[in-house]
2 protein chains.
Amino acid sequence: MSPLKGRVTLATVAGSAGVSVATVSKVLNGRSDVSPSTRARVQDVLEKHGYVGRRPEPVQHETVELFYQGVLNSYSVEVIQGVLDAGEAAGVEIVLSSRPPHPSRHSAGRAAPWVRDLIASRRRAAVGITSELSDADLAALSRARLPLVIIDPADVPQPDITSVGSTNFAGGMAATQHLLELGHRRIGYIGGPPTSACNQARMSGFRSAMDAVGAEVPKDYIWLNNFLYDDGLAGGSMMLDLPDRPTAIFAGCDEIAVGVMEAARARGLRIPDDLSVVGFDDTQVARHASPQLTTVKQPLREIGAVAVRTALQLAAGEPVASHHVELATTLIVRGSAVPHGLSSVAAS
Amino acid sequence: MSPLKGRVTLATVAGSAGVSVATVSKVLNGRSDVSPSTRARVQDVLEKHGYVGRRPEPVQHETVELFYQGVLNSYSVEVIQGVLDAGEAAGVEIVLSSRPPHPSRHSAGRAAPWVRDLIASRRRAAVGITSELSDADLAALSRARLPLVIIDPADVPQPDITSVGSTNFAGGMAATQHLLELGHRRIGYIGGPPTSACNQARMSGFRSAMDAVGAEVPKDYIWLNNFLYDDGLAGGSMMLDLPDRPTAIFAGCDEIAVGVMEAARARGLRIPDDLSVVGFDDTQVARHASPQLTTVKQPLREIGAVAVRTALQLAAGEPVASHHVELATTLIVRGSAVPHGLSSVAAS
DNA sequence: GGAGAGCTTCGAAAAGTTTTCGATAATTGC
DNA sequence: GCAATTATCGAAAACTTTTCGAAGCTCTCC
């Protein structure tokens, strides 16, 4: 823009704006003894010349806050690595923090204390993992112009909140169709919170695939609580103790799937001979399970990276194509699901 | 403190410290071209005169950098949560970063680029998880007065580097003694890198316990590579294919233990009936394994918290009692190790 | 064992920024 | 209309940071 000489200094701007260096300095520092018209003119010139101060790359890096509610798990770990990768590529630092979950509703209308802290911290942007925020929180963040991107939002994606996820519905369908193609008809679903958007999508995919072939889903074949191992254990136990137990279970995440496998083993049922299991996420635990878990892969690292890039785009004032993007899921076939009936020959 | 004339400027300090104004400026800005002694003297004078700068910067939070080399795993996750807890309690922010492992030796004598970045980032302190740093790296950090605490250092703890770990030797002994008390005599050890300090300690504990009862450890009963699932799989496979295979295996970490269990299952051996396994760490994977893993618990969250607190102590100039502290390990008995011979009745 | 390459340390001077203070103009009070 | 006050601005002073070169040191390679 200003090819006269090297860097754009106050003097450059002052000359171009027809004022003194002192005046430009005052504009930059928000002093009162500058007339509105002069101030406006100087600010125009500052922007046109792209004045960046003495140190264009100050020692102080920009930061993006990555927060989560609850505990870290194998799922978070993958996302975090993607976030770090993208952060490093973009030259921003990642500040990690654990935030209290669901603020109780009795302080409705006011943003949670930690949200106020977050705003005060002057981050370039924030990324939340599977987080749930109140309307007041969102309003406060919006007022403060702090860009926020939620990964796999706990609530259904709102139009006024940017989020990144994966094709949960398609993934749920793919997993279920895989089991159906293997000949299973009595298939159960064990998933996370009923209010959780990604659980709803996965379950809907499950139901759609079942409906499409006219397979019935008894009430007891659905069990929802949290995305935890213990939920797989509890839900699996319940389902496997039914008089007419399912021959396959689709788990809402890998941890649940491993819990289901344990519930089966505790009853002397073999995986996959007596029960086929399909998980969701394709985290480390899927590869370390025995047998290795057939699962729906979410590109978690990519999701983390996209979240950061989107947040930085918002921070830069660039428009984003969509307030919610979903990356494609892939069915990864391993050893935990086999054709129905194939095993019963060997078993009985 | 200095009521002679008006404000305390760089020149005031420079005169009092017997250096140039430029040097004082460099100290303030954390430049590298100031010797440690000069830096210390100037900082003393700065503090004594209560230099506050021309414009006191808006209070931005102190940061502590938490870095790791390689990948995050269930072990890191626990440590990270402890670090975050302690960071929040102390009011410092945690900046998480992944750093390239072992700088190749061809640039010996110079600190790695990421170490220079770390120094330039002006953290209050840094904490590394199972990291390995070159002498040049350490020297550079020391020169820059950036306090560093390593958690479970990969190298043997040096006197000039502060570190936090757990009683690996005692833990290794406890695990082995447990197996010995269960009647096992043919016990294998599968662990991490031979150069790794914590691996060495655990293995020494293993050997000591074996020696104490006169149990022999054939060469093939030791397998060292990395602390990964695949290493448990590979090492376990090797050991279980021996003509005189062990009846129990002590794994250097939980992930290895799960890999060993898989290697056993692949050979039709049942856990714990045909092979007892003991792990180390007590991470999530120990509780989710099937059967649940008997393991040596490291207080990982506490270790992370202690590391942060120690780093902040160093940053505050307070002396630390010891350059290396070890927190106590505990044997957690679950279902993966049973008395030897008890099973062979049922099995054969 | 010494020439020289490379690194560290430091300050003088240059470059850049902010504040002070006085000049001038515009506005207000009476 | 005139004095008093206020608003605006820049020259110069005050202050800080960076650049660059000198001096000393270490290490290497004949």
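Residues numbered from 1 in each chain as written. Chains lettered and ligands numbered in written order. Predicted model: local features only at pLDDT ≥ 70, side-chain atom pairs only at ≥ 80, totals over all residues. Heavy atoms only, no water.

Draft legend 1. Up close: the overall build of chain A. Helix and strand content of chain A: 13 helices and twelve strands. Relative to the globule expectation of 20 Å for 348 residues, the C-alpha radius of gyration of chain A, 26 Å, shows a markedly less compact shape. Taking the principal axes of the C-alpha coordinates as reference, chain A spans close to 95 × 45 × 35 Å. The buried share of chain A, taken over its 348 residues, is 52%. A separation threshold of at least 6 residues defines the contact pool for chain A, and within that pool the share at least 24 residues apart is 71%. One finds the centroid of the 32 positive side-chain charges in chain A at a distance of 10 Å from the centroid of its 35 negative side-chain charges. (Helix = DSSP H or I, 4+ residues; strand = E, 2+ residues; numbered from the N terminus. Rg over C-alpha atoms; globule rule 2.2 N^0.38 Å. Buried < 20%, exposed > 50% of the residue type's maximum accessible area, 1.4 Å probe, protein only. Contact = heavy atoms within 4.5 Å. Lys, Arg positive; Asp, Glu negative; His and termini not counted. Charge placed at Lys NZ, Arg CZ, Asp CG, Glu CD.)

Draft legend 2. Fine view of the protein's contact with DNA strand C. In the vicinity of DNA strand C, 26 residues are found, and the nearest of them are Tyr51(A), Thr23(B), Lys26(B), Ser35(B) and Thr38(B). Those atoms of DNA strand C that come within 4 Å of the protein belong to sugar or phosphate at a rate of 68%. Measuring from a phosphate oxygen of DNA strand C, one finds a side-chain N or O atom of Ser20(B) at 3.2 Å. In the model, a base nitrogen of DNA strand C is placed 3.2 Å from a nitrogen or oxygen of the Asp33(B) side chain. Elements with a minimum of two residues in the surface near DNA strand C: helix H2 (21-28) of chain A together with helix H2 (21-28) and helix H3 (36-49) of chain B. (Near = heavy atom within 4 Å. Polar contact = N/O pair within 3.5 Å; in protein donor to acceptor, adjacent residues only side chain to side chain.)

Draft legend 3. Broad picture of the sheet that holds strand E7 (residues 222-224) of chain B. Residue and element names in this part refer to chain B. Strand order in the open sheet formed by six strands is E7-E6-E8-E9-E10-E12, and the pairing between neighbours is mixed. In this open sheet, the two strands that pair with only one neighbour each are E7 and strand E12 (330-332). Neighbour to neighbour, the strand axes of the sheet diverge by 15° on average, direction disregarded. Relative to strand E8 (residues 248-251), strand E6 (residues 187-191) is paired through four bridges, and the arrangement is parallel. Paired with Gly 188 across the strands is Ile 249, a residue of E8. Strands E6, E7 and E8 of the sheet are contacted by helix H9 (residues 229-240), whose axis makes an angle of about 155° with E6. (Pairing = 2+ DSSP bridges. Axes fitted to C-alpha atoms, helices over the stretch in contact; angles between N-to-C directions.)

Draft legend 4. The arrangement of the protein's contact with DNA strand D in detail. Within the structure, DNA strand D sits among 25 residues, and Thr23(A), Lys26(A), Thr38(A), Tyr51(B) and Arg54(B) are positioned closest to it. Close to the protein, within 4 Å, the atoms of DNA strand D are drawn from sugar and phosphate at a rate of 69%. One nitrogen or oxygen atom from the side chain of Ser25(B) is found 3.3 Å from a phosphate oxygen belonging to DNA strand D. Between DNA strand D and Tyr51(B) there is a distance of 2.6 Å, counted from a phosphate oxygen to a side-chain nitrogen or oxygen. Ranked by residues supplied to the surface near DNA strand D, first place goes to H2(B) with four residues. Per-class residue counts for the surface near DNA strand D are eight nonpolar, nine polar and eight charged. (Nonpolar A, V, L, I, M, F, W, Y, C, P; charged D, E, K, R; others polar.)

Draft legend 5. Examining the sheet that holds strand E5 (residues 162-166) of chain A more closely. If you trace the twelve strands from one edge of the open sheet to the other, you get E11(A)-E5(A)-E4(A)-E3(A)-E1(A)-E2(A)-E2(B)-E1(B)-E3(B)-E4(B)-E5(B)-E11(B), paired in mixed fashion. For this open sheet the edge positions go to strand E11 (324-327) of chain A together with strand E11 (324-327) of chain B, each flanked by a neighbour on one side alone. Neighbour-to-neighbour, the strand axes of the sheet open up by a mean angle of 25°, direction not taken into account. Here strand E3 (residues 125-129) of chain A runs beside strand E4 (residues 148-151) of chain A; their pairing, made up of four bridges, is parallel. Counted as the bridge partner of Val127(A) is Val149(A) from E4(A). Contacting strand E1 (63-69) and strand E2 (93-99) of chain A together with strand E1 (63-69), strand E2 (93-99), strand E3 (125-129) and strand E4 (148-151) of chain B, helix H4 (residues 74-90) of chain B runs over the sheet at an angle of about 80° to E2(A).

Draft legend 6. Quick peek at the nonpolar core. In this structure, Leu66(A), Ile80(A), Val127(A), Leu66(B), Ile80(B), Leu96(B) and Val127(B) are the most contacted members of the largest nonpolar core, which totals 58 residues. With residues up to four places along the chain from it excluded, the contact list for Leu66(B) reads Ile80(B), Val83(B), Ile94(B), Val95(B), Leu96(B), Ser97(B), Val127(B) and Ile129(B). Membership of the second largest hydrophobic core comes to 44 residues, among which are Leu179(A), Ile249(A), Ala286(A) and Leu293(A). (Core = buried A, V, L, I, M, F, W, Y, C linked by side-chain atoms within 4.5 Å.)

Draft legend 7. Geometry of the interface of chain A and chain B. In this complex, chain A contributes 29 residues to the contact, which on the side of chain B involves 31 residues. Between chain A and chain B, a total of about 2500 Å² is buried, with carbon and sulfur atoms accounting for 51% of that surface. At the boundary of chain A and chain B, one finds two salt bridges. Across the pair Arg123(B) and Glu93(A) runs a salt bridge, and its minimum N-O distance is 2.7 Å. On the surface where chain A and chain B come into contact, there are eight residue pairs in polar contact (both at pLDDT 80 or more). Where the side of chain A that touches chain B is concerned, the elements lending two or more residues are helix H4 (74-90), E2, helix H10 (254-266) and helix H11 (284-288) of chain A. Across three bridges, the pairing between E2(A) and E2(B) is antiparallel. Bridge pairing links Val95(A) to Val95(B) in E2(B). (Buried area = accessible area lost by both parts, 1.4 Å probe. Salt bridge = Lys/Arg side-chain N within 4 Å of Asp/Glu carboxyl O.)

Draft legend 8. Here's a closer look at helix H5 (residues 113-120) of chain A. Residue and element names in this part refer to chain A. What H5 keeps buried is the set Trp 114, Val 115 and Leu 118. Projected onto a plane normal to the axis of H5, the buried residues spread over an arc of 105° and lie on a single side. Among the exposed residues of H5, those pointing more than 90 degrees away from its buried face are Pro 113 and Ala 120. Of the surrounding secondary structure, the elements contacted by the buried residues of H5 are E1, E2, E3 and helix H6 (135-143). (Arc of directions from axis to C-beta.)

Draft legend 9. Representation of the packing of H5(A) against H6(A) within the structure. Residues and elements named next belong to chain A. Across the interface, H5 lies against H6 with an axial gap of 10 Å and an inter-helix angle of 10°. What the angle tells us is that H5 and H6 run roughly parallel. Pair H5 / H6 crosses with right-handed handedness. Here H5 contributes Val 115, Leu 118 and Ile 119 to the contact with H6, which in turn contributes Asp 137, Ala 140 and Leu 141. In terms of residue class, the contact of H5 with H6 is built from five nonpolar, no polar and one charged. (Parallel < 35°, antiparallel > 145°, perpendicular 65-115°, else oblique. Left-handed = near helix turned anticlockwise from the far one by under 90°.)

Draft legend 10. Region of interest: the packing of aromatic side chains. The full count for this structure, using the stated rule, is nine aromatic pairs over all chains. Consider the rings of Phe206(A) and Phe250(A), whose centres lie 6.4 Å apart with planes at 45°: the pair is tilted. Here Phe206(A) is found in helix H8 (residues 197-212), whereas its partner Phe250(A) is found in strand E8 (residues 248-251), with 44 residues between them in sequence. Residues Phe250(B) and Phe280(B) carry aromatic rings whose centres are separated by 6.3 Å and whose planes lie at 40° to one another, so their mutual orientation is tilted. (Phe/Tyr/Trp six-rings, centres within 6.5 Å; stacked < 30°, edge-to-face > 60°.)

Draft legend 11. Fine view of the confidence of the model for chain A. Residues and elements named next belong to chain A. The predicted model of chain A has a mean per-residue pLDDT of 87, with 91% of residues at 70 or higher. Averaged pLDDT values over the elements of chain A bottom out at 46 in helix H13 (residues 342-347) and peak at 98 in strand E10 (residues 294-297). The low-confidence segment residues 1-5 (pLDDT under 50) makes three contacts with residues lying over four places distant or belonging to another chain. (pLDDT = per-residue confidence, 0-100.)

Draft legend 12. Structural view of the pattern of salt bridges. Counted according to the given criterion, the structure contains 29 salt bridges over all chains. With its nearest N and O atoms 3.9 Å apart, the salt bridge here joins Asp273(A) to Arg270(A). Looking at Asp273(A), the relative accessible area reads 33%, which means it is partly exposed. For Glu302(A), the salt bridge identified is with Arg309(A), shortest N-O distance 3.5 Å. On the accessibility criterion, Arg309(A) (45% relative accessible area) is partly exposed. The network of salt bridges with common partners includes Glu65(A), Arg99(A), Arg123(A) and Glu93(B).

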